[in-house]
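Inside the fold
Here is what each chain is made of, one letter per residue.
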Amino acid sequence: MFSLLVVTWIGNAATVLSGRWGAISQRAREVGCSREAMYQQAQRVEQAVAWEQAGGPRRAELLAENQRLHDDNRMLWALLDEAGTISQALQQQFAATAAAMGLSLTQIVRLLALLVPQRGVPSRATVGRWVEHASRRARGILAVVDQVCQTWVLTLCLDEIFFHQEPV
Amino acid sequence: MAVEPHSMAWVAGQRGPDRTGESWCQLLRQWPGLQRVVSDAGTGLARGVTLCNEARAADLEPGQAPVAPVQVGLDVFHTKREMQRVVSRRWAQVEKLMDTAAQADQRVAHAKQRGIDARGAAGRARGAWGKAERAFDEAVQVDTAVEGIRAALAWVRPDGQLNDRAWAQAQITAALGALVGDAWGKVRRLLDDARTLNHLDWMHAQLEQAVSDPLLREAVVRLWSWRAQLERTHGTLQTPATP
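Conventions adopted
- Residues numbered from 1 in each chain as written.
- Chains lettered and ligands numbered in written order.
- Predicted model: local features only at pLDDT ≥ 70, side-chain atom pairs only at ≥ 80, totals over all residues.
- Helix = DSSP H or I, 4+ residues; strand = E, 2+ residues; numbered from the N terminus.
- Contact = placed C-beta atoms within 7 Å.
- Buried ≥ 20, exposed ≤ 12 C-beta atoms within 10 Å, placed from the backbone.
- Expected span 1.5 Å × (residues − 1).
- Arc of directions from axis to C-beta.
- Pairing = 2+ DSSP bridges.
- Nonpolar A, V, L, I, M, F, W, Y, C, P; charged D, E, K, R; others polar.
- Axes fitted to C-alpha atoms, helices over the stretch in contact; angles between N-to-C directions.
- Parallel < 35°, antiparallel > 145°, perpendicular 65-115°, else oblique.
- Left-handed = near helix turned anticlockwise from the far one by under 90°.
- Core = buried A, V, L, I, M, F, W, Y, C linked by C-beta atoms within 7 Å.

Regarding its fold elements, chain A presents seven helices and three strands. Of the contacts formed within chain A by residues at least 6 apart in sequence, a portion of 43% connects residues at least 24 apart.

Printed below as a string of structure tokens:
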């Protein structure tokens, strides 16, 4: 069946490439396919021949190479899973610092997903709790630091931004 | 909201209650050593600074040395953003005119193809191209003027010397000639405001305070400028920021 199909395609391609007037319509009727399909088949046959003549790697070689890369990829992921993961304390520090830099919870989770094996990536809610906890701890220190720094501020950039139509 | 520009610390972020001078004054009173404020041209903020200065003067005990009033400089970010907005709109108009001219060309080609007298269409196409080219030339001139203003607002001149008010004002005056029309009203108002170039005066005052010897000061500044250029070339330093 497969070889018959191949022969049909080659025949169709030969008809298209011969360029003889009326030959394509006649051939299309004979083999029971559209003229458009014949043009597409001719193009693919031509490409296949050109590929073969170019002397590139064979299909079997490419398939083998693809399989080898798949195996490598699987092995590397397994190794990464086995490797020591970032501790939870470090993840919490990462989340608090990132939040202080202005990143959203979703962004923090996405960044953590790059560093932590897939099954260990914390949820958005967990990261939210970590950030909330860190901000509660920092609040007391900030009040003191703010007061100490007030006398040292010589220049300020002031502006108004709006948050839910309320000026900040 | 208030940010300390050297440390980039967000020192105040207060929701409401309003944007009046009284509210700003209350906020500004938290920083007794405050000398300079960089802001937009908002009236509430300006009034807040005025009230703060008045309150500071009133708080003085007899015999106590007067505190220098808080100075206001306009944040050039707003000026630059407004300029960019007008420039973008102008280029969009040029693009539209060019599209119209190209369509007129197509109509000429279409008429010729169909064997119809194309003289009328050709005349209209010439007119459309003339209009588009004039708009393009004007937009290029505006671009040049805007570049001049950007240079005037920067710390360092294109020749590597430190910028100052006299040079910057001359650049702005020369460039403003090209910025005609109502669209430039806000930019012109901001650039006409003396507070726009206050950051340059402050820079020179601070430099004089840091290095009193003018020769040494110039040498140090030049060294800094070269080092900054070198580091920029190697991609380790951002372009010198404007306030």
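That covers the picture; the talk isn't over yet.
What follows is about the overall build of chain B. Counting secondary structure elements, chain B contains eight helices and four strands. Reading the helices (α) and strands (β) of chain B from amino to carboxyl end gives β-β-α-β-α-β-α-α-α-α-α-α. Counting the 243 residues in chain B, one finds 19% classified as buried. Looking at chain B alone, contacts between residues at least 24 apart form 62% of all its contacts between residues at least 6 apart.

Residue and element names in this part refer to chain B. Between the first and last C-alpha of helix α2 (residues 43–59) there are 24 Å, a value that for 17 residues agrees with the 24 Å anticipated at 1.5 Å per step. Listed as buried for α2 are Leu45, Gly48, Val49 and Cys52. Down the axis of α2, the sector holding all buried residues measures 95°, keeping them to one side. Structural note: α2 exposes Thr43, Glu54, Ala57 and Ala58 on the side pointing more than 90 degrees away from its buried face.

This part covers helix α6 (residues 185–192) of chain B. All names here are of chain B. Those residues of α6 that fall on the buried side of the exposure criterion are Val187, Leu190 and Leu191. End-on view of α6: buried residues confined to an arc of 95°, all on one side of the axis. Of the exposed residues in α6, those oriented more than 90 degrees away from the buried face are Gly185 and Asp192. Next to the buried residues of α6 lie β4 (71–74), α3 (76–113), α4 (119–153) and α5 (165–176).

Residue and element names in this part refer to chain B. If you check the backbone angles, Met8 has positive phi at about 60° while not being a glycine. If you trace the backbone, Met8 turns up in the loop between β1 (2–4) and β2 (9–12). Its 8 C-beta neighbours within 10 Å are what place Met8 among the exposed residues.

Bringing the pairing of strand β1 (residues 155–158) of chain A into the picture now. Because side chains alternate across β1(A), one face comprises the buried residues Thr155(A) and Cys157(A), and the other comprises Leu156(A) and Leu158(A), equally buried. Pairing geometry for β1(A) and strand β3 (residues 36–39) of chain B, over three bridges, is parallel. Each bridged residue has a counterpart across the sheet, and for Thr155(A) the counterpart in β3(B) is Arg36(B).

Let us look at the interface of chain B and chain A. Taken together, the 26 residues of chain B in the interface contact 16 residues of chain A. Counting only elements with at least two residues in the side of chain B that touches chain A, the list comes to β1 and β3 of chain B. Partitioned by chemical class, the residues of the side of chain B that touches chain A number eleven nonpolar, eight polar and seven charged.

Residue and element names in this part refer to chain B. Relative to each other, helix α1 (residues 21–28) and α2 sit at 55°, their axes nearing to 7 Å. With respect to α2, the axis of α1 lies oblique. Helix-helix and strand crossings are classified by hand; for α1 and α2 the assignment is right-handed. Contact residues: α1 offers Gly21, Glu22, Trp24, Cys25 and Leu28, while α2 offers Gly44, Leu45, Arg47, Gly48, Val49, Leu51, Cys52 and Ala55.

Moving on, we come to the nonpolar core. Residues and elements named next belong to chain B. Counting 18 residues, the largest nonpolar core has Ala145, Ile149, Ala168 and Ile172 as the members making the most contacts within it. When contributions to this core are tallied by element, the ones reaching two or more residues are α3, α4, α5 and α6. For this core, the element with the highest residue contribution is α4, accounting for six residues. Apart from residues no more than four positions distant in its own chain, Ile149 is found in contact with Met83, Gln171, Ile172, Ala175 and Leu191. Formed by 16 residues, the second largest nonpolar core is a distinct cluster that contains Ala2, Trp24, Leu34 and Val38.

One open sheet accounts for five strands, arranged β2(B)-β1(B)-β1(A)-β3(B)-β4(B); its pairing is mixed. The open sheet has two edge strands with one neighbour each: β2 and β4 of chain B. Shown here is a sheet whose adjacent strand axes are inclined to one another by a mean of 30°, direction ignored.

Here we come to the environment of Val140(B). Residues and elements named next belong to chain B. Mapped onto the secondary structure, Val140 falls in helix α4. When the 12 C-beta atoms within 10 Å are taken as the criterion, Val140 is described as exposed. In this structure, the C-alpha to C-alpha distance between Val140 and Val87, residues 53 residues apart in sequence, is 9.7 Å.

Shape is all these values report; function is a separate question.
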